[in-house]
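Coordinates in review
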Amino acid sequence: MSTRRRLSAAGRAAAVIVALGTDQASEVYKHLREDEVELLSLEVAKLERLSNADLQEIVNDFYGLCQTQKVISEGGILYARDVLEKAFGAQLAASYMSRVSNSMQTRAFDFVRKSNYKNLAMMLQNEHPQTIAFVLSYVTSDQASKVISSYPKHLQLDVIRRIAVLDSVSPEIVKIVESVLEKRFSSMISLDLTEIGGVNYVADIMNHTDRTTERFIFDELSKTDPELSNEIRKLMFVFEDILSLDDMTIQRVLREVDQQDLAVAIKGSSKEIKDLLLNNVSSRARENILADIEYLRNVRLRDVETAQQKIVEIIRTLEESGEIIISRGEEDMIIA
């Protein structure tokens, strides 16, 4: 696993401070708040020993992000993409663009993100679905999923579709929408042309949505827009996708799963998933799980879905950390 992915963001920042040396690091500290200095100093103190290669990787990544921020600020998203692809290659440029664009995007509607999702849902409920989609593209995916789940089913689908096709928005549009919301919230900020919404963001929303809402949206989208449904599914992992994992990956995942959660999740699973999971535990564990399943009576669907969602979250966490790889098409195939 790369050092950049293993270290936290604060840990990587500490590594950059170490690489700068004391004189330049002290200049950086002058621009930080007291709590930031305290946090960064703590991370520097507990920073593990890094090889020259590891340190170089982190510094290069930091440099790439700085360059990306600069190019986006000076020339906008489209210009930046072209420049960065020539400088770093398409894959690395896309990674930098995504990380910096997300950071830039958080400047707008900051007051909305600090709002309770119930207040946010109430504020938006009488707005046009396009306005709802626009605003939800600026909040966290967890907030967006909860707001969408609170709306009627027909509105859920409409908003999801609109978020999926959002592309980029000019500063003028941001100002107009913010000025309307200013009476209920505060602050208005300007923003360079920034990519928002899109299928990737919808997939992130769906990753945080409860199983009932997730199932409904995919069922309905499959009927009305199967192409969009498949596109979103390819970017996320749902419980049924466990069938696509190899035995070694499943065994790694199951080491993190509570046995009781596994029993409840299996209780409401198909025979195919049940057999796959039980075939990847030890004989003793299998006997214990089967005994737990036999003991379970009148399990609520909500409890089954909660247990299944815990397993999915473990899978997503392991993938994000690089411990497992989930194939999402031919481009992700591993050639031995």
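Remember, it's a predicted structure, so these values are computed and weren't measured experimentally.

Observations regarding the overall build of the protein chain
For the protein chain, the helix and strand inventory stands at 20 helices and 2 strands. Per-residue burial over the protein chain gives 39% buried out of 336 residues. Counted over contacts in the protein chain with a minimum sequence separation of 6, partners at least 24 positions apart contribute 76%. Entry remark: accessible area of the protein chain is about 19,000 Å², with carbon and sulfur atoms responsible for 51%.

Quick notes on empty space enclosed by the protein
Applying the stated criterion across every chain, the model contains 1 cavity of 30 Å³ or more. The volume enclosed by the largest cavity comes to roughly 40 Å³. Forming the walls of the largest cavity are Ile242, Leu245, Ile250, Val253, Leu254, Leu277, Ile311 and Ile315. Breaking the lining of the largest cavity down by element, the ones donating at least two residues are helix H16 (247-254) and helix H20 (301-320).

A closer look at the confidence of the model for the protein chain
This prediction gives the protein chain a mean pLDDT of 76; 79% of its residues lie at or above 70. Predicted confidence for residues 187-195 stays below pLDDT 50, and this span has 36 contacts to residues more than four positions away or in other chains. Overall, residues 329-336 carries pLDDT values under 50, and its contacts beyond four positions in sequence, including any with other chains, amount to 3 contacts.

Describing the pattern of salt bridges
Where charged atoms of side chains with opposite charge meet at close range, the side chains can pair. In total, this model carries 8 salt bridges according to the counting rule given. Linking Arg252 and Glu323 is a salt bridge whose minimum nitrogen-to-oxygen distance equals 2.7 Å. Of this pair, Arg252 sits in helix H16 while Glu323 sits in the segment after H20, and the two are 71 residues apart along the sequence. Residue Asp275 is joined to Lys271 by a salt bridge in which the shortest nitrogen-to-oxygen separation is 2.7 Å. Remark: Lys271 and Asp275 occur in helix H18 (residues 271-278); sequence separation between them is 4 residues, near one turn of the helix. Judged by its relative accessible area of 28%, Asp275 falls in the partly exposed class. Within the structure, one salt-bridge network assembled from shared partners comprises Arg252, Glu256 and Glu323.

Calculation notes
- Residues numbered from 1 in each chain as written.
- Predicted model: local features only at pLDDT ≥ 70, side-chain atom pairs only at ≥ 80, totals over all residues.
- Heavy atoms only, no water.
- Helix = DSSP H or I, 4+ residues; strand = E, 2+ residues; numbered from the N terminus.
- Buried < 20%, exposed > 50% of the residue type's maximum accessible area, 1.4 Å probe, protein only.
- Contact = heavy atoms within 4.5 Å.
- Areas by Shrake-Rupley, 256 points an atom, 1.4 Å probe, with all protein chains shown as cover.
- 1 Å grid on protein atoms, 1.4 Å probe; cavity = no way out; pocket = protein on both sides within 12 Å on 5 of 7 lines; lining within 4 Å.
- Points joined across faces, edges and corners; volume = space filled by probe spheres on them.
- pLDDT = per-residue confidence, 0-100.
- Salt bridge = Lys/Arg side-chain N within 4 Å of Asp/Glu carboxyl O.

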